[in-house]
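Take a look at the letters that make up each chain.
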Amino acid sequence: MRIGELAARTDVSTDTLRLYEKRGLIASVRRVNGYRDFDVAMVRLVRLVRLGQRLGFKLREMEDLVGAVSAGALDETETAALLHDKLSEVDAKIGELSQLRGLLSDILGQACPLQT
């Protein structure tokens, strides 16, 4: 698929996709006419990167994760360990967000008792 289609399917700008490609997060094959041709698997990778960024992961962290897993640079044990570490980070963020939610709810209840 061309870059415009990938952008439409992932709701990411073509400039962002070019950046991702430059940083090695996604890959394309250049056609004879110079157009980028992306495999459908890139949709999943772009969504993974965007989700990771929304959850607070730095682009560099996503580069490490996506690059290692996509390139097959890690064996199964190393991949599992890397993914386990990321899952632990996600669980920690969920815990922090849950605490924040509780605090905000308490503050709202004190400031506006009829809103709870």
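Sequence order as written defines the numbering, with residues in each chain counted from 1. A pLDDT threshold of at least 70 governs which residues receive local features in this predicted model, and a stricter bar of 80 or more applies before side-chain atom pairs are shown or counted, although totals over entire chains, interfaces and linings include all residues. Think of the side-chain values as coming from all heavy atoms in the structure, minus any hydrogens and water.

**Here we look at the overall build of the protein**
Condition: Counting from the N terminus, the helices are DSSP H or I runs at least four residues long and the strands are E runs at least two residues long. Our radius of gyration is a C-alpha quantity, and the globule rule it is checked against amounts to 2.2 Å times the number of residues to the power 0.38. Classification of residues uses two cut-offs on accessible area relative to the type maximum, computed with a 1.4 Å probe and protein chains only: under 20% is buried, over 50% is exposed, and between them is partly exposed. Whether two residues are in contact is decided by their heavy atoms: any pair within 4.5 Å suffices. Using the Shrake-Rupley algorithm and a 1.4 Å probe, accessible areas are obtained, with residue cover drawn only from the displayed protein chains. All tallies of charge rest on Lys and Arg as positive and Asp and Glu as negative; His and the ends of each chain are not included. One atom stands in for each charge, and that atom is NZ of Lys, CZ of Arg, CG of Asp or CD of Glu.
Looking only at helices and strands, one finds 5 helices and 2 strands in the protein. The order of α-helices and β-strands along the protein, N terminus first, is α-α-β-β-α-α-α. In terms of overall dimensions, the protein is more spread out than a globule: its C-alpha atoms have a radius of gyration of 19 Å, far above the 13 Å expected for 116 residues. Here the C-alpha coordinates of the protein stretch approximately 65 × 35 × 20 Å along the principal axes. Here the protein holds 116 residues, and the buried ones make up 25% of them. Once local pairs closer than 6 in sequence are excluded, the contacts in the protein between residues at least 24 apart make up 49%. Entry remark: accessible area of the protein is about 8,200 Å², with carbon and sulfur atoms responsible for 55%. Charge centroids of the protein, computed over 17 positive and 17 negative side chains, lie 9 Å from each other.

**Some points on the pattern of salt bridges**
What counts here: Definition used for salt bridges: Asp or Glu carboxyl oxygen within 4 Å of a side-chain nitrogen of Lys or Arg.
If you walk through the whole model with that rule in mind, you get 6 salt bridges. Salt-bridge contacts for Arg60 lead to Glu63; the nearest nitrogen and oxygen are separated by 2.9 Å. Separated by 3 residues within a single helix, Arg60 and Glu63 lie in helix 4 (residues 59-71), roughly one turn from each other. Linked through salt bridges whose partners overlap, the residues forming this network are Arg23, Arg60 and Glu63.

**Here we look at the packing of aromatic side chains**
Test applied: Only the six-membered ring of Trp is used, alongside the rings of Phe and Tyr, when aromatic pairs are assigned; centres must lie within 6.5 Å, and planes under 30 degrees apart are stacked while those over 60 apart are edge-to-face, with the rest tilted. Placement of a positive charge over a ring is assigned whenever Lys NZ or Arg CZ falls within 6 Å of the ring centre and within 35 degrees of the normal to the ring plane.
One pass over the full model with this rule turns up 0 aromatic pairs. The lysine or arginine in question, Lys93, covers the ring of Phe57, its NZ or CZ lying 5.6 Å from the ring centre.

**Digging into the packing of helix 1 (residues 3-10) against helix 3 (residues 41-54)**
For any two helices packed against each other, one specifies the crossing angle of their axes together with the interaxial distance. Rules: Axis definition: a line fit to C-alpha positions, over the contact stretch in the case of helices; interaxial angles, taken between N-to-C directions, run 0 to 180 degrees. Note that the term roughly parallel is reserved for angles under 35 degrees, roughly antiparallel for angles over 145, roughly perpendicular for angles of 65 to 115, and oblique for everything else. In this scheme, a crossing is called left-handed if the near helix is turned counterclockwise away from the far one by less than a right angle; it is called right-handed if the turn is clockwise. Gly is put with the polar residues, along with every residue not named as nonpolar or charged; the nonpolar set is Ala, Val, Leu, Ile, Met, Phe, Trp, Tyr, Cys and Pro, and the charged set is Asp, Glu, Lys and Arg.
Their axes nearest at 10 Å, the elements helix 1 and helix 3 cross at an angle of 50°. Classified by the interaxial angle, the pair formed by helix 1 and helix 3 is oblique. Where helix 1 crosses over helix 3, the handedness of that crossing is right-handed. Across the interface between the two elements, Leu6, Arg9 and Thr10 of helix 1 pack against Met42, Val43, Val46 and Arg47 of helix 3. Its residues placed into classes, the contact of helix 1 with helix 3 shows 4 nonpolar, 1 polar and 2 charged.

**Section: the environment of Arg101**
With respect to the element layout, Arg101 can be found in helix 5 (residues 76-111). Among the residues examined, Arg101 registers a relative accessible area of 61% and is labelled exposed. Sequence-wise, Arg101 and Leu82 are 19 residues apart; in three dimensions their C-alpha atoms are separated by 29 Å.

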